[in-house]
Amino acid sequence: MRITIIAGSNRPESTSTKLSRYIGKFIESEGHEVTVYDLYKQPLPFYGTHEDSNANLAALRESVLHSDAVVLSTPEYHGSISGVLKNALDFLGGDHFDSKAVLSICSAGGAVGVSSLTQLQAMVRNMHGINCPEWISIGGAARQFEADGTPSSVDVVTRVHRTVPYFLQLAARLRK
């Protein structure tokens, strides 16, 4: 399967992006093709401007349109998703998400990021995607990573290795 991961942070050392990359490597180890679309490295214009001439936007739209499933990753800012992820989602729609499995993940400064994940699930429903019943949220001390990109917390590694296979099974069922 082809999986697109949208890393929705605009910071160079974002823990939500580090988690996205770790999940991407895990999905690849399961035999799937992964595209990580990093909104820090591939910024988009503001919604409603320069849409037809932006190469990053064209690449994002193409990747999500031709993916079999999507992972949405965000830092949690003031109980919500990042502005850059919301902006990216504004450029996408039902033709990109219709009947595809979507896994939501976040990194929060506090213990967990439930508010941002709940908001992402509402957005996914409105774009006719299928929310994975599981999600991944890291917070506080669980936001540490080793030099190779592996989460320092055994609990985070365990959560990823339990949740991602479930997501991939859901995506495979929806493809049929």
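Described below are features of the structure shown in this document. (Residues numbered from 1 in each chain as written. Predicted model: local features only at pLDDT ≥ 70, side-chain atom pairs only at ≥ 80, totals over all residues. Heavy atoms only, no water.)

1. Digging into the environment of Ser 29
Tracing the backbone through its elements, the reader meets Ser 29 in helix α1 (residues 15–29). Relative accessible area serves as the criterion here: at 54%, Ser 29 is assigned to the exposed category. Ser 29 sits 39 residues away from Asp 68 along the chain, and the two C-alpha atoms are 17 Å apart. For Ser 29, the side chain forms a polar contact with the main-chain oxygen of Phe 26, separated by 2.6 Å. (Helix = DSSP H or I, 4+ residues; strand = E, 2+ residues; numbered from the N terminus. Buried < 20%, exposed > 50% of the residue type's maximum accessible area, 1.4 Å probe, protein only. Polar contact = N/O pair within 3.5 Å; in protein donor to acceptor, adjacent residues only side chain to side chain.)

2. Here we look at the pairing of strand β4 (residues 101–108)
Within a regular strand, the side chains alternate between the two sheet faces. With respect to burial, β4 is a largely interior element, eight of its eight residues being buried. On β4, burial covers both faces: Ala 101, Leu 103, Ile 105 and Ser 107 on one face and Val 102, Ser 104, Cys 106 and Ala 108 on the other are all buried. Note that strand β3 (residues 69–75) and β4 share seven bridges and pair parallel. Looking across to β4, one finds that Thr 74 is bridged to Cys 106. When β4 meets strand β5 (residues 130–131), the two strands line up parallel, connected through two bridges. Looking at β5, one finds that Val 102 is bridged to Asn 131. Relative to strand β6 (residues 136–139), β4 runs parallel, the two being bridged by four bridges. Paired with Cys 106 across the bridge in β6 is Ser 137. (Pairing = 2+ DSSP bridges.)

3. Regarding the packing of α1 against helix α6 (residues 154–175)
Helix-helix packing is described using two parameters, namely the angle between the two axes and the distance between the axes. Where α1 meets α6, the axes come as close as 11 Å, and the angle between the chain directions of the two elements is 55 degrees. Accordingly, the angle class assigned to the pair α1 and α6 is oblique. Read as a crossing pair, α1 and α6 show a hand that is right-handed. The residues of α6 that touch α1, namely those facing Leu 19, Tyr 22, Ile 23, Phe 26 and Ile 27, are Val 156, Val 157, Val 160, His 161, Val 164, Pro 165 and Leu 168. Split into classes, the residues belonging to the contact of α1 with α6 amount to 11 nonpolar, one polar and no charged. (Axes fitted to C-alpha atoms, helices over the stretch in contact; angles between N-to-C directions. Parallel < 35°, antiparallel > 145°, perpendicular 65-115°, else oblique. Left-handed = near helix turned anticlockwise from the far one by under 90°. Contact = heavy atoms within 4.5 Å. Nonpolar A, V, L, I, M, F, W, Y, C, P; charged D, E, K, R; others polar.)

4. Quick word on the pattern of salt bridges
All told, the structure shown has five salt bridges when counted by the stated rule. Arg 175 serves as the salt-bridge partner of Asp 68, at 3.3 Å between the closest nitrogen and oxygen. With Asp 68 in the loop between α2 (55–65) and β3 and Arg 175 in helix α6, this residue pair connects regions lying 107 residues apart in the sequence. For Asp 68, a relative accessible area of 17% translates into the label buried. Under the relative-accessibility criterion, Arg 175 is labelled exposed at 52%. In this structure, Glu 134 engages Arg 159 in a salt bridge whose closest nitrogen and oxygen atoms are separated by 3.0 Å. A residue pair is termed long-range when its members are at least 10 positions apart, and Glu 134 in the loop between β5 and β6 and Arg 159 in helix α6 qualify at 25 residues. (Salt bridge = Lys/Arg side-chain N within 4 Å of Asp/Glu carboxyl O.)

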